[in-house]
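So you can see what is in the structure, the chains are spelled out below.
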Amino acid sequence: MSCPLCSNSSTSLIGAPTTREFYLCTCCDLLFLNPGQRISQSDEKARYEKHNNDVNDPRYREFVTPLLEAICAKISPGTSGLDFGAGTGPVLAEMLEARSYRIQRYDPLFWPNPRLLQFQYDFVFASEVVEHFFTPGEEFRRLRGLLRPRGLLAIMTLLRSADTDLSRWHYLKDPTHVCAYSKSTFHWIAEKFSFAE
């Protein structure tokens, strides 16, 4: 089974954390789902539509605040950003716009405007998105190309560690989650795609 991030064929089936089969790459440390077990696009969309991503929900706003603050600490207001994988409730985009950032929204299911992928931005953010990538190698290459020189890529996802009990980890029980990253995986991504950490 080849890794969808680094294309390495040195992967191993891990103990079944769920009824789905996950493989671990020995090169980039990505944990990924057997592609034959992905759900259909219509089922995936239906699952996302059940998410409670209300832009006025104070708990949801609090949840994305760490990513908001990380962006604001490095990027000046008035600059242009892309919400990559905006989903049904692009709360972070609205919160940034309230601080005078210029934000475009892209999502292949809910904001399908591929024209936006032809431009470059001062920053791109993906909140709870990268764990859904079927082809993370292609997606990170795309994300790198969307950034202007010295641009910022801001990602929020739950990281896997050596101590993570995969048999109980809720992240792998979501049928739309097909990848799980570790710090080592992101070090590999940074080096491969020329991101400064």
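Residues numbered from 1 in each chain as written. Predicted model: local features only at pLDDT ≥ 70, side-chain atom pairs only at ≥ 80, totals over all residues. Heavy atoms only, no water.

A.B. asks: Just give me the short version of the environment of Ser194, but keep the residues and values in it.
C.D. replies: Mapped onto the secondary structure, Ser194 falls in the segment after helix H5 (183-192). Judged by relative accessible area, Ser194 falls into the exposed class, the value being 52%. Between the C-alpha atom of Ser194 and that of Arg144, which follows or precedes it by 50 residues, the distance is 8.2 Å. Setting aside chain neighbours within four positions, we find Ser194 in contact with Arg144 and Ile189. (Helix = DSSP H or I, 4+ residues; strand = E, 2+ residues; numbered from the N terminus. Buried < 20%, exposed > 50% of the residue type's maximum accessible area, 1.4 Å probe, protein only. Contact = heavy atoms within 4.5 Å.)

A.B. asks: Let's hear about helix H4 (residues 136-145): which residues, and what values?
C.D. replies: Taken as a whole, H4 has its buried residues at Pro136, Gly137, Glu139, Phe140 and Leu143. The buried side chains of H4 occupy one side of the element, clustering within an arc of 165° when seen end-on. Packed against the buried residues of H4 are strand E4 (80-84), strand E6 (121-127), strand E7 (147-156), strand E8 (179-180) and H5. (Arc of directions from axis to C-beta.)

A.B. asks: Which residues make up the sheet that holds strand E3 (residues 31-33), and what are the values?
C.D. replies: The sheet built from four strands is open, its strands ordered E1-E2-E3-E8 with antiparallel pairing. The outermost strands of the open sheet, each flanked by one partner alone, are strand E1 (11-13) and E8. Two elements, E1 and strand E2 (residues 22-25), share three bridges in a ladder whose sense is antiparallel. Looking at the pairing, Ser12 lines up with Leu24 of E2. (Pairing = 2+ DSSP bridges.)

A.B. asks: Requested: an account of the packing of aromatic side chains, with residues and values cited.
C.D. replies: Given two aromatic rings, their pairing is described by the distance between the two centres and the angle made by the two planes. Within this structure, the stated rule accounts for 13 aromatic pairs. A centroid spacing of 6.1 Å and a plane angle of 20° characterise the contact between Phe123 and Phe125, whose relative ring orientation is stacked. In this pair, the class of Phe123 matches that of Phe125, namely buried. An aromatic cluster of three or more residues is present, and its members are Phe84, Tyr106, Phe133, Phe140, Tyr181, Phe186, Trp188 and Phe193. Looking at Arg38, its charged tip hangs above the ring of Phe134, at a distance of 4.4 Å from the centre. Directly above the aromatic system of Phe195 lies the positively charged group of Arg144, at a separation of 5.3 Å from the ring centroid. (Phe/Tyr/Trp six-rings, centres within 6.5 Å; stacked < 30°, edge-to-face > 60°. Lys NZ or Arg CZ within 6 Å of the ring centre and 35° of its normal.)

A.B. asks: Pulling in residues and values, what's your account of the pattern of salt bridges?
C.D. replies: Under the criterion given, the structure shown has eight salt bridges. A salt bridge links Arg99 to Glu69, with the shortest nitrogen-to-oxygen separation between them at 3.2 Å. Here the residue Arg99 occupies a position in the loop between helix H3 (91-97) and strand E5 (102-106), and Glu69 occupies one in helix H2 (residues 58-74), the gap between them amounting to 30 residues. Residues Arg105 and Glu97 are paired through a salt bridge, measuring 2.8 Å at the closest nitrogen-oxygen approach. (Salt bridge = Lys/Arg side-chain N within 4 Å of Asp/Glu carboxyl O.)

A.B. asks: Account for the side chain of Ser127, with residues named and values stated.
C.D. replies: Along the chain, the position of Ser127 falls in strand E6. You can call Ser127 buried: its relative accessible area is 18%. If we skip the residues at most four places from it in the chain, Ser127 touches Val64, Leu67 and Met156.

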